[in-house]
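Remarks on the overall topology
If you want the building blocks of each chain, they are given just below.
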Amino acid sequence: TGQATSTRTPEQPAQPAAYNAEDLEKIRTFANCLAEKKVKIYGANWCGWTKKLVVDTFGGFDVAAPIYVECTEETELCQEQGIEGYPTVKINDVPYEGARTFEGLSQATSCPVPDIAASASSGDSGDVSCDS
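What you are looking at is a predicted structure, and each value in this text was computed from that prediction instead of being measured. (Residues numbered from 1 in each chain as written. Predicted model: local features only at pLDDT ≥ 70, side-chain atom pairs only at ≥ 80, totals over all residues. Heavy atoms only, no water.)

**Brief notes about the side chain of Q81**
Keep this limit in mind: Under the DSSP-based scheme used, a helix requires at least four consecutive residues in state H or I and a strand at least two consecutive residues in state E, with every element numbered from the N terminus. Buried, partly exposed and exposed residues are distinguished by accessible area as a fraction of the type maximum, computed with a 1.4 Å probe on protein chains only: under 20%, between the cut-offs, and over 50%, respectively.
Considering the arrangement of structural elements, one finds Q81 in the loop between α3 (75-80) and β3 (85-86). With a relative accessible area of 18%, Q81 lands in the buried category.

Listed below in structure tokens is the structure:
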């Protein structure tokens, strides 16, 4: 009969209003430092906790690209890494259980915390996730 229509729009790399272009560049530099320290965030764009970490904290999927793995696209890699919930943060392939904040990641990696005007890195513990 009729085709089902989806009311969901494709995921957009939304930018929170809290960050200006200068802040995003500082966060991008931080993400590049984290990438050098072998930090990876494994997530799914449909998961609210992934969006909170990647969009709200890091400023968007494009800014977090050096450290972000989209498990809906990289299914084999995520299976190899044993990812069971989103987001999962790993450093050198070891699960990171600390605070998912700039400060927490900075302490774990020695990457300097980005000096930004807005403070969107609210203190989430590492125990919130969506099941894969």
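From this point on, the discussion continues.
**Quick look at the packing of aromatic side chains**
For clarity, the cut-off: Only Phe, Tyr and Trp rings take part, Trp by its six-membered ring, and two of them pair if their centres are within 6.5 Å. Stacked means planes under 30 degrees apart, edge-to-face means over 60, and tilted covers everything else.
According to the stated counting rule, one finds five aromatic pairs in the structure shown. Ring centres of F30 and F58 lie 6.3 Å apart, and the angle between their planes is 20°; this geometry places the pair in the stacked category. In this pair, F30 is assigned in helix α1 (residues 21-36) and F58 in the loop between α2 (48-57) and β2 (68-70), connecting sequence segments 28 residues apart. Of the two residues examined, F30 and F58, each falls in the buried class. Taking the centre distance of 5.3 Å and the plane angle of 85° together, the rings of F58 and F102 count as edge-to-face. Highlighted residues: F58 in the loop between α2 and β2 and F102 in helix α4 (residues 102-109), separated in sequence by 44 residues. For F102, a relative accessible area of 2% corresponds to the buried category. Put simply, the rings of F30, F58 and F102 touch in pairs and so form one group of aromatic residues.

**Points about the pairing of strand β1 (residues 39-43)**
Stated formally: Pairing between two strands requires that DSSP report at least two bridges joining them.
Taken across its five residues, β1 has four buried, putting it largely inside the fold. Bridge analysis of β1 against strand β4 (residues 88-91) gives four bridges, and the strand direction is antiparallel. When the bridges of β4 are listed, V39 appears paired with I91. Relative to β2, β1 runs parallel, the two being bridged by three bridges. Note on β2: the bridge partner recorded for Y42 is V69.

**With respect to unusual backbone geometry**
Of note, the amide linkage connecting Y86 to P87 takes the cis form, showing an omega dihedral of -10°. As for its placement among the helices and strands, P87 is situated in the loop between β3 and β4. The phi torsion at K38 lies on the positive side, around 65°, for a residue other than glycine. Residue position: K38 is located in the loop between α1 and β1. Phi angles above zero are rare outside glycine, and S110 is one such case at about 70°.

**Considerations on the nonpolar core**
Quick reminder of the rule: Definition used in this section: a nonpolar core is a set of buried Ala, Val, Leu, Ile, Met, Phe, Trp, Tyr and Cys residues joined via side-chain atoms within 4.5 Å. Throughout, a residue-residue contact means that at least one pair of heavy atoms, one from each residue, lies within 4.5 Å.
Core analysis: the largest hydrophobic core is formed by 24 residues, its most contacted members being L34, I41 and F58. For this core, the secondary-structure elements that each account for two or more residues are α1, β1, α2, β4 and α4. If one sorts the elements of this core by residue count, α1 sits on top with five residues. Ignoring any residue separated from it by four or fewer positions in sequence, one finds F58 in contact with Y19, L24, I27, F30, L34, I41, L53, V63, A64, I67, F102 and L105.

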